[in-house]
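# Report on the structure
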Amino acid sequence: MKLHLFAEWIGYTLGLLAVIAFALAIVAAASGFAGWAVVAAVTFMIAVTLALALVGGTVRHDHRQRRHTPRFPLPGGTAWPVKP
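Structure report, in brief. (Residues numbered from 1 in each chain as written. Predicted model: local features only at pLDDT ≥ 70, side-chain atom pairs only at ≥ 80, totals over all residues. Heavy atoms only, no water.)

Turning our eyes to something else, we now look at the overall build of the chain. A tally of helices and strands in the chain yields two helices and zero strands. When burial is assessed residue by residue, the chain has 19% of its 84 residues classed as buried. Restricting to contacts in the chain with at least 6 residues of sequence separation, those with at least 24 account for 52%. Accessible surface, the chain as shown: approximately 6,400 Å² in total, 74% of it carbon and sulfur. (Helix = DSSP H or I, 4+ residues; strand = E, 2+ residues; numbered from the N terminus. Buried < 20%, exposed > 50% of the residue type's maximum accessible area, 1.4 Å probe, protein only. Contact = heavy atoms within 4.5 Å. Areas by Shrake-Rupley, 256 points an atom, 1.4 Å probe, with all protein chains shown as cover.)

This part takes up helix H2 (residues 34-64). The terminal C-alpha atoms of H2 lie 44 Å apart, and with 31 residues this matches the ideal 45 Å at 1.5 Å per residue to within 8%. Of the surrounding secondary structure, the elements contacted by the buried residues of H2 are helix H1 (2-31). Phi turns positive one or two residues past the end of H2, at Arg-66, with a value near 60°. (Expected span 1.5 Å × (residues − 1).)

Turning our eyes to something else, we now look at the packing of aromatic side chains. Scanning the model with the defined rule gives two aromatic pairs in all. Judged by centre distance (6.2 Å) and plane angle (90°), the ring pair of Trp-9 and Tyr-12 falls under edge-to-face. Note that Trp-9 and Tyr-12 are positioned in helix H1 at a spacing of three residues, about one turn of the helix. Exposure remark for Tyr-12: the relative accessible area of 42% places this residue in the partly exposed category. Ring geometry for Phe-22 against Phe-44: centres 5.4 Å apart, planes inclined by 45°, an arrangement best described as tilted. Placement of the pair is Phe-22 in helix H1 and Phe-44 in helix H2, with a sequence separation of 22 residues. Under the relative-accessibility criterion, Phe-22 is labelled partly exposed at 45%. (Phe/Tyr/Trp six-rings, centres within 6.5 Å; stacked < 30°, edge-to-face > 60°.)

A surface patch of nonpolar side chains, about 450 Å² in accessible area, is lined by Val-38, Val-42, Met-45, Ile-46 and Leu-50. Secondary-structure assignment places Val-42 in helix H2. (Patch = residues over 30% accessible without salt bridge, like charges linked within 9 Å, V, L, I, M, F, W, Y side chains within 5 Å. Salt bridge = Lys/Arg side-chain N within 4 Å of Asp/Glu carboxyl O.)

Right, let's get into H1. In this model, H1 (30 residues) spans 43 Å end to end at C-alpha, consistent with the 44 Å of a helix rising 1.5 Å per residue. Buried within H1 we find His-4, Ala-7, Glu-8, Gly-11, Leu-14, Ala-18, Ala-21, Ala-25 and Ala-28. Looking at the buried residues of H1, the elements they touch are H2.

Right, dumping it as structure tokens:
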């Protein structure tokens, strides 16, 4: 269960970082700052790769253990209903 929470929140955070880095790369490239555009683009690629690897690895582990895949809990603390 703790692996799920870790994978969910870190994957979500890395996804947000990727969106921000992508926006910064576009702004930097449009402004003529090629060096900063490359730094932001590399940050974007690393964040996306890490997020996909983390969440994908957790899903693969859960499938091997015959468990449900990770998903965010609802505000009341319960998880989304799983259909069999």
